[in-house]
Amino acid sequence: MELFEGSIVPAFEKPQRAELIRQRINEVHLGPIVNASEFPLRFATAVHDLRMVAFIENAYTEWEQLGRTGGAIPYSFLARGCCCNAVPVSLDGRLAYYTFDVATPVTRTSWQAVKGSVDTALTAAKLLHDGERAAFALCRPPGHHAGTDYYGGYCFLNNAAIAVNAIVEEGSQRVAVLDIDYHHGNGTQEIFYRRDDVLFVSIHADPTHEFPFFSGHADEAGASDGEGFNLNFPLPAGTGWKVWSEALGNALSRIAAYGPDVLVVSLGVDTYHGDPISHFLLGQEDFIRLGKRIASLQRPTLFVMEGGYAVDELGINVVNVLTGYEGA
Ligand code: Q9C
Ligand code: ZN
């Protein structure tokens, strides 16, 4: 369940999403499908605060011990300007500290899914390392809203960022992240904001009007060593393929100039016109075009699943990107 426009509604980010994408992959005989291997947690804690990772792992048990049911969500939040160096002791305090929305409850099965999602991204990264031209990580829950020490936006750990960091540790000099989810990848931006070995480029709904509200503006260009290595394309509600693909062209030019060893695509298809929580107007065929355009970079490419909530067309839209890429 999720609090949406003042009502409690069924969660948009649900297990069925991954099943539907997998079904569609089978239908069109994309593949092979490889199961995720388990990786040590140090890959996640190389990117995230260890205490937050441990908190996500144990929050539901603590919640239950307090006699509570439902998902573990906060009733208050850390306000700007506070002295926020001390992590509270109380569970409600720590929920307030670590998460930034009420749409990302920790449930009995969250940790298993979160760890599996990270392992999926790392398994796909390993396939690239072993010589595959491209791989798709069917991650769920998504990850791009999760930052160093906060989670939210249906995201707990940043699958794409953890994979990027592992790819750099394996010896890549430069990795580019292209985030095409409808929402700004605030977590990924924050994690790499001061680094020049990771270029972050994002096309998304203008945060002036859309979640996550506090990052994704065009003037956020990176800091210190990372200055010039962060590039945002905020676009207005109602954006369709014509304007969206112009931004894509500019994004791809910047990435080509950077010359990455590896491209990681944070693949959200909530840019679809039928998405229940989003306001862009991409059509099913546009996702094929988009996949082709990404392929034109001719870099080893890791696709990491992020958002997309129009479940009836979710499998088609995701697989269209992949077949567009494959066919190019
Ligand atoms: N009015 C991803 O797509 N807020 N996360 C929903 C809509 C949360 C989306 C409220 C949106 C998070 C990965
Ligand atoms: Zn999204």
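Structure's up top.
## Brief notes about a nonpolar patch on the surface
- Judged by side-chain polarity, Met 1, Leu 3 and Ile 8 come together as a nonpolar surface patch covering roughly 340 Å² of accessible area.
- Along the chain, the position of Leu 3 falls in strand E1 (residues 2-4).
- A relative accessible area of 43% places Leu 3 in the partly exposed class.

## Comments concerning the pattern of salt bridges
- Across all of its chains, the model carries 13 salt bridges by this definition.
- Among the salt bridges present, the one from Arg 94 reaches Glu 62, with a minimum N-O distance of 2.6 Å. A residue pair is termed long-range when its members are at least 10 positions apart, and Arg 94 in helix H4 (residues 91-98) and Glu 62 in helix H3 (residues 50-65) qualify at 32 residues.
- A residue is classified by how much of its surface remains accessible, and Glu 62, at 23% relative accessible area, is partly exposed.
- For the salt bridge of Arg 108 with Glu 64, the shortest nitrogen-to-oxygen distance reads 2.8 Å. Residue Arg 108 is found in the loop between H4 and helix H5 (110-129), and its partner Glu 64 is found in helix H3; the two are separated by 44 residues along the sequence.
- For Arg 108, a relative accessible area of 58% corresponds to the exposed category.
- Each of Glu 13, Arg 17 and Arg 140 takes part in one network of salt bridges that share partners.

## Section: the site of ligand 1
- Ligand 1 sits among Phe 4, Pro 142, His 144, His 145, Gly 153, Tyr 154, Asp 181, His 183, Phe 211, Asp 270, Gly 307 and Tyr 309.
- The backbone of Gly 153 places a nitrogen or oxygen atom 3.0 Å from a nitrogen atom of ligand 1.
- One of the side-chain nitrogen or oxygen atoms of His 183 is found 3.2 Å away from an oxygen atom of ligand 1.
- Isolated, ligand 1 exposes 410 Å² of accessible area, and the fraction of that covered by the protein chains is 87%.
- Looking at the shell around ligand 1, its residues break down into 5 nonpolar, 5 polar and 2 charged.

## Concerning the nonpolar core
- Counting residues in hydrophobic clusters, the biggest one holds 49 residues, and the most contacted among them are Tyr 151, Leu 157, Ile 162, Val 264 and Leu 302.
- Once residues lying within four places of it in the same chain are set aside, the contact partners of Leu 157 are Ala 44, His 48, Met 52, Val 53, Ile 56, Trp 111, Val 114, Val 118, Pro 142, Gly 143, Ala 146 and Ile 162.
- In terms of nonpolar packing, the next biggest core, distinct from the first, is built from 41 residues, Ala 176, Val 265, Tyr 272 and Leu 282 among them.

## Quick word on the environment of Asp 130
- Relative to the helices and strands, Asp 130 resides in the loop between H5 and strand E3 (134-137).
- Distance in space between the C-alpha atoms of Asp 130 and Gly 324 is 23 Å, their sequence separation being 194 residues.

## Quick word on the side chain of Asn 230
- In this fold, Asn 230 is placed in strand E6 (residues 230-235).
- Accessibility expressed as a relative area gives 5% for Asn 230, which makes it buried.
- Within the structure, Asn 230 has its side chain in polar contact with the backbone oxygen of Glu 220 (distance 2.9 Å).
- Not counting residues within four places of it along the chain, the set of residues in contact with Asn 230 comprises Gln 189, Tyr 193, Leu 199, Phe 200, Glu 220, Ala 221 and Gly 222.

## Section: helix H8 (residues 241-258)
- The terminal C-alpha atoms of H8 lie 25 Å apart, and with 18 residues this matches the ideal 26 Å at 1.5 Å per residue to within 8%.
- Buried residues of H8: Trp 241, Trp 244, Ser 245, Ala 247, Leu 248, Gly 249, Ala 251, Leu 252, Ile 255 and Tyr 258, and no others.
- At its buried positions, H8 is contacted by strand E4 (175-179), strand E5 (198-205), E6, strand E7 (262-267) and helix H9 (284-295).

## Digging into the side chain of Asn 165
- For Asn 165, the location among the structural elements is in helix H6 (residues 159-169).
- Note on Asn 165: relative accessible area 8%, which makes it buried.
- Setting aside residues no more than four positions away along its own chain, Asn 165 makes contact with Ala 46, Val 47, Phe 192 and Arg 195.

Conventions used here
Residues numbered from 1 in each chain as written. Chains lettered and ligands numbered in written order. Predicted model: local features only at pLDDT ≥ 70, side-chain atom pairs only at ≥ 80, totals over all residues. Heavy atoms only, no water. Patch = residues over 30% accessible without salt bridge, like charges linked within 9 Å, V, L, I, M, F, W, Y side chains within 5 Å. Areas by Shrake-Rupley, 256 points an atom, 1.4 Å probe, with all protein chains shown as cover. Salt bridge = Lys/Arg side-chain N within 4 Å of Asp/Glu carboxyl O. Helix = DSSP H or I, 4+ residues; strand = E, 2+ residues; numbered from the N terminus. Buried < 20%, exposed > 50% of the residue type's maximum accessible area, 1.4 Å probe, protein only. Near = heavy atom within 4 Å. Polar contact = N/O pair within 3.5 Å; in protein donor to acceptor, adjacent residues only side chain to side chain. Nonpolar A, V, L, I, M, F, W, Y, C, P; charged D, E, K, R; others polar. Core = buried A, V, L, I, M, F, W, Y, C linked by side-chain atoms within 4.5 Å. Contact = heavy atoms within 4.5 Å. Expected span 1.5 Å × (residues − 1).

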